[in-house]
Amino acid sequence: MKTTLPVTNQSGYYEIRLESIGGLGANLCGKMLGELGILQLGLNSASFSSYGSEKTGTPVKAYIRYCDADKEIRVHSPVEHPHLLCIFHEALLQDSSLLDGCTGETTIVLNTSRTPQEIVDNYFSDEKRCVQVAGICTIPAQRIAMESHARVNVVMLGAVVAACGFGSLESVQQICKDT
């Protein structure tokens, strides 16, 4: 299956940044997104994580880059200007630096029970946080995970693929099964 990326940066990459706290599974989610690109979507991909001590509650960042299969990924630095920013816990929005690098092409996926408008009113209406983004998608991933006896990272994996605009539920299910 050959996938066409909806948008890329000047280097030809579609970039994703996951922001989380230890224990929610962002590291594994990032690895699964990398594998999804290669094994299911026919893309080249690279993924890696950055975290401090391996304890529950510590900051975790995961970075994923996709490009066409005939192109090499030669950049291995953190994603600074993500096309998709996935935030695994609403409390992380207290740190305004979390939104650094967001542009009018960035879509935010946020694990929260609030609506996108409530998130805008609570976090983006402040002059200090005047950030342009393409859109904000919210999903109550914690509730869905508890109801379906899954993990938050699996719910967020599905939300990320839906927000990207490429990939499918079947491809996500296959990666989960393989993992």
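All of these numbers come straight from a predicted model, not from anything done at the bench.

Cut-offs applied
Residue numbering note: each chain is counted from 1, following its sequence as written. Totals for whole chains, interfaces and linings use all residues, but because this is a predicted model, local features are given only for residues with pLDDT of at least 70 and pairs of side-chain atoms are given and counted only at 80 or more. For side-chain calculations, the full set of non-hydrogen atoms in the structure is used, while hydrogens and water are omitted. In this description, a disulfide is simply a cysteine sulfur pair whose atoms lie within 2.5 Å. We call a residue buried when its accessible area falls under 20% of the maximum for its residue type, exposed when it is over 50%, and partly exposed in between, using a 1.4 Å probe and counting protein chains only. The helix count covers DSSP runs of H or I at least four residues long, the strand count covers runs of E at least two residues long, and both are numbered beginning at the N terminus. Each direction from the helix axis to a C-beta atom contributes to the arc, which is the arc of those directions. For the purposes of this section, nonpolar cores are sets of buried Ala, Val, Leu, Ile, Met, Phe, Trp, Tyr and Cys residues that join through side-chain atoms within 4.5 Å. The contact criterion used throughout is that any non-hydrogen atoms of two residues lie within 4.5 Å. Geometry is summarised by axes, namely lines fitted to C-alpha atoms with helices restricted to the contacting stretch, and by angles between N-to-C directions that run from 0 to 180 degrees. An angle below 35 degrees is read as roughly parallel, one above 145 as roughly antiparallel, one from 65 to 115 as roughly perpendicular, and any other as oblique. Crossing handedness: left-handed means the near helix sits turned counterclockwise from the far one by under a right angle, and right-handed means the same turn made clockwise. Residue classes follow a fixed rule: Ala, Val, Leu, Ile, Met, Phe, Trp, Tyr, Cys and Pro count as nonpolar, while Asp, Glu, Lys and Arg count as charged, and any other residue, Gly among them, counts as polar. Whether two strands pair comes down to DSSP finding at least two bridges between them.

Thoughts on the state of the cysteines
A complete count under the given rule lists zero disulfides for this structure. Summary of cysteine pairing: cysteine 86 is not part of a disulfide, and the nearest cysteine sulfur, belonging to cysteine 29, is at 6.2 Å. Under the relative-accessibility criterion, cysteine 86 is labelled buried at 0%. Cysteine cysteine 164 is unpaired, with the sulfur of cysteine 86 as its nearest cysteine sulfur at 9.3 Å. Given a relative accessible area of 7%, cysteine 164 falls into the buried group.

Overview of helix α5 (residues 169–178)
In an α-helix, one turn spans 3.6 residues, which is why side chains three or four residues apart end up on the same side. Among all positions in α5, only Ser171, Val172 and Ile175 are buried. Viewed end-on, α5 has its buried residues packed into an arc of 100°, placing them on one side of the element. Facing away from the buried surface of α5 by more than 90 degrees, the exposed residues are Leu169, Glu170 and Lys177.

Quick word on the nonpolar core
Grouped together as the largest cluster of nonpolar side chains are 34 residues, with contacts concentrated most on Ile16, Leu18, Leu33, Tyr66 and Phe88. When contributions to this core are tallied by element, the ones reaching two or more residues are β1 (14–21), α1 (26–40), β3 (59–68), β4 (84–87), α3 (141–148), α4 (152–164) and α5. Counting residues per element, this core draws most heavily on α4, which supplies eight residues. Residues within four places of leucine 33 in sequence aside, it is in contact with Leu18, Ile64, Tyr66, Leu157, Val160 and Val161. Counting 13 residues, the second largest nonpolar core, distinct from the first, contains Ile87, Leu98, Cys102 and Tyr123.

Re the packing of α1 against α4
It is at 10 Å that the axes of α1 and α4 come closest, and there the two elements cross at 40°. Comparing their axes, α4 and α1 come out oblique. α4 is crossed by α1, and the crossing has right-handed handedness. Of the residues in α4, those touching α1 at Leu28, Cys29, Met32, Leu33 and Leu36 are Asn153, Leu157, Val160 and Val161. Taken together, the residues that form the contact of α1 with α4 break down as eight nonpolar, one polar and no charged.

Observations regarding the sheet that holds β4
The six strands are arranged β2-β3-β1-β4-β5-β6 in an open sheet whose pairing can be described as mixed. Each edge of the open sheet carries a strand with a single partner, namely β2 (43–51) and β6 (135–139). Strand-to-strand twist of the sheet, defined as the mean angle between neighbouring strand axes without regard to direction, takes the value 15°. The pairing of β2 with β3 spans nine bridges and is antiparallel. Pairing of serine 45 across the sheet is with tyrosine 66, part of β3.

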